[in-house]
Amino acid sequence: MVKKILVIIGLCLLGGYLIFAAFFFEKKPQDKICNQFEIVVNNEDTDRFIEIADLEKDIDAKGLNPYGKQLKEVNTLAIQEALLANKLIKSAEVFITSGGGIRAVIIERIPILRVIPSAGESYYIDKDGEKMPLSSHNTAYLPIATGEIKDELAKTDLYKFALFLCKDEFWNAQIEQIVVQPKDEVTLITRIGNQEVLMGKLDNVESKLDRLKKFYTQALPATGWNRYTKINLKYDKQVVGTKR
């Protein structure tokens, strides 16, 4: 009986301690002064399009730098929203560290296509199909799309084509420029040969490029690489060459 009472008392004391500890250690850091503000870029890629110093200046300019403030006065959500206002940033997480500082961990957007429309400013399309501004600190070496490009086309067909190129080592290396003509028809400028490649609409892309590769490997070595000015892939199961 006594043993049972002692166990109950012990459990009560342990429960009381846990409640006290949780309250004490949760609340105490909030009374501390922020001793560090750190921004960490957690990149999937080695390329860097953002300078941490620029982000820090922007946070300062908005009066959100937490350094020297009581942690309980720091608005981590406001810092997060300020970082996400930069369209080069995909995600941001801001939190209090165990050492009494504030850390912001950001992930940059990854571009897969550069778009230079005939009307409007240049931009990138990122891996998620979203528009991404150019960076003043770095230039991504990617396929370039030029011509009469509307945002809708850039985010759909051109985005899907850019994803295809990312996954295909051969065509990613060979296709230098994607020229968008009226009615969303596409002409490719390749590194191989001296011809324009008429794709038509960006549908059945893999089939069209398979035909082009066979034309490169089987026909052009026999006829000469400069025999044609244009190679037309618009017609189903055909490759039509226009002679010089």
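Here the structure is shown first, and the text comes after it.
Quantities reported herein were computed from a predicted structural model and do not represent experimental measurements.

Enquirer: If you had to explain the pattern of salt bridges to someone new, which residues and values would you point to?
Expert: In total, this model carries 8 salt bridges according to the counting rule given. Notably, a salt bridge pairs Arg109 with Asp126, separated by 2.8 Å at the nearest N-O pair. A residue pair is termed long-range when its members are at least 10 positions apart, and Arg109 in the loop between strand E3 (102-108) and strand E4 (111-117) and Asp126 in strand E5 (residues 123-126) qualify at 17 residues. There is no split in this pair, since Arg109 and Asp126 are both buried. The partner of Lys208 in a salt bridge is Asp203, with the nearest N and O atoms 2.9 Å apart.

Enquirer: Go over unusual backbone geometry, please, and point to the residues and values.
Expert: Even without being a glycine, Asp184 presents a positive backbone phi close to 65 degrees. Inspection of the secondary structure assignment puts Asp184 in the loop between strand E8 (175-180) and strand E9 (186-190). Asp184 sits in the partly exposed class, given a relative accessible area of 33%. You will see that Asn204, though not glycine, has its phi angle at about 50 degrees, which is positive. The exposed category is assigned to Asn204, whose relative accessible area is 59%.

Reading the values: rules and limits
- Residues numbered from 1 in each chain as written.
- Predicted model: local features only at pLDDT ≥ 70, side-chain atom pairs only at ≥ 80, totals over all residues.
- Heavy atoms only, no water.
- Salt bridge = Lys/Arg side-chain N within 4 Å of Asp/Glu carboxyl O.
- Helix = DSSP H or I, 4+ residues; strand = E, 2+ residues; numbered from the N terminus.
- Buried < 20%, exposed > 50% of the residue type's maximum accessible area, 1.4 Å probe, protein only.

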